[in-house]
Amino acid sequence: MKNKMNANKALWEKGDFTRLAETMRESGTALVAKLGIKQGMDVLDLGCGDGTTALPAARLGANVQGVDIARNLVEAGNARVKAEGLTNITFREGDAIDLNDIANESFDLVVSIFGAMFAPQPFDVAKEMFRVTRPGGKIVMGNWIPGDPTLVAQILRVSSAYTPAPPEGFVSPMLWGVESNVTERFVAAGASKENISFERETFTFQAPFSPAVFLDTFRKYYGPTMNAFEAAAKNGKEADLHRELEALFESQNQSTDENATSIPATFLKVTVRR
């Protein structure tokens, strides 16, 4: 299986992304509500995690297949489906760069919100997403934007200063947040340039605990942040990284309740019509 070779599998199974996903439910549901999902549509959610956007799509009556590289997130997604008693959604393991068991033109809508952007080989990701979309259907991606002043881009920026340089040939996932790169990748996959459009939207993390506890959640459960702290600890800079991130979380928090966190983050919403 190809996903055995994909280093991202280890990264996303390292922590427990469900702890972070719980702070993303409200915005995930709001985003899906605007996608024009109708009863009986076939939807693929790629890099679905435990279902932050897949479950809302199923609740709207779509037939949903969630695919994620991390076994623990697939299991958590299936547990949520079972708990809700939904019968029109399944989660399974798979790799965004090689959806070899999915036939061409299988889905009316392919969604990937902060998911497929983290897969290596972005041209293969675009090719696979386009291949499994039906003519007349569409692809919707949510991608973080490099250099953006809001939370996620800044976490990744701060963390990168404490981690070793990536291996040669590494393509930053943040390049999915650059319009010209997205256009190049989907045109290479077969899309028409005029069928690719972009919007900037906001995704808000909502948590019933303080920004300091929210940072602790990233530190304990989010693979990239876990790796950054491990690398910083080796250089005796763990406290520096923590201080820098804590200041970031405090400054971005918009909640007036000291025991709650509400942090908006800007992302690039990509729509590709097939």
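Residues numbered from 1 in each chain as written. Predicted model: local features only at pLDDT ≥ 70, side-chain atom pairs only at ≥ 80, totals over all residues. Heavy atoms only, no water.

### Concerning the pairing of strand β2 (residues 63-68)
Then, number 1: For strand β1 (residues 42-46) and β2, the ladder comprises five bridges, and the chain directions are parallel. Bridging from a neighbouring strand, Asp 42 pairs with Asn 63 of β2.
Then, number 2: Remark: the β1/helix α4 (residues 54-59)/β2 crossover connection has right-handed handedness.
Then, number 3: With five bridges connecting them, β2 and strand β3 (residues 89-93) associate as parallel partners. The residue bridging Gly 66 from the neighbouring strand is Phe 91, located in β3.
Then, number 4: Between the parallel pair β2 and β3, the chain is carried across by helix α5 (residues 71-84), and the sense of this crossover is right-handed. (Pairing = 2+ DSSP bridges. Helix = DSSP H or I, 4+ residues; strand = E, 2+ residues; numbered from the N terminus. Right-handed = clockwise from strand over helix to strand, strands pointing away.)

### Some points on the UniProt feature "domain: Methyltransferase type" (unreviewed entry) in the protein
Then, number 1: The UniProt record annotates "domain: Methyltransferase type" (unreviewed entry) at residues 44-141.
Then, number 2: Helix makes up 31% of residues 44-141 and strand 31%. Its end C-alpha atoms lie 12 Å apart. (UniProt positions renumbered as here; feature names shortened; annotations may be inferred.)

### Observations concerning the packing of helix α10 (residues 223-234) against helix α11 (residues 238-252)
Then, number 1: Between α10 and α11, the least distance of the axes is 7 Å, while the angle of their chain directions is 140°. With respect to their mutual orientation, α10 and α11 come out oblique. Of the residues in α11, those touching α10 at Thr 225, Ala 228, Phe 229, Ala 232 and Ala 233 are Glu 238, Leu 241, His 242 and Leu 245. (Axes fitted to C-alpha atoms, helices over the stretch in contact; angles between N-to-C directions. Parallel < 35°, antiparallel > 145°, perpendicular 65-115°, else oblique. Contact = heavy atoms within 4.5 Å.)

### Focus: the environment of Tyr 222
Then, number 1: Inspection of the secondary structure assignment puts Tyr 222 in the loop between α9 (211-221) and α10.
Then, number 2: C-alpha separation for the pair Tyr 222 and Arg 19, spaced 203 residues apart in sequence, amounts to 8.5 Å.
Then, number 3: With sequence-adjacent residues up to four places away left out, Tyr 222 is seen in contact with Trp 12, Phe 17, Leu 20, Phe 118 and Thr 217.

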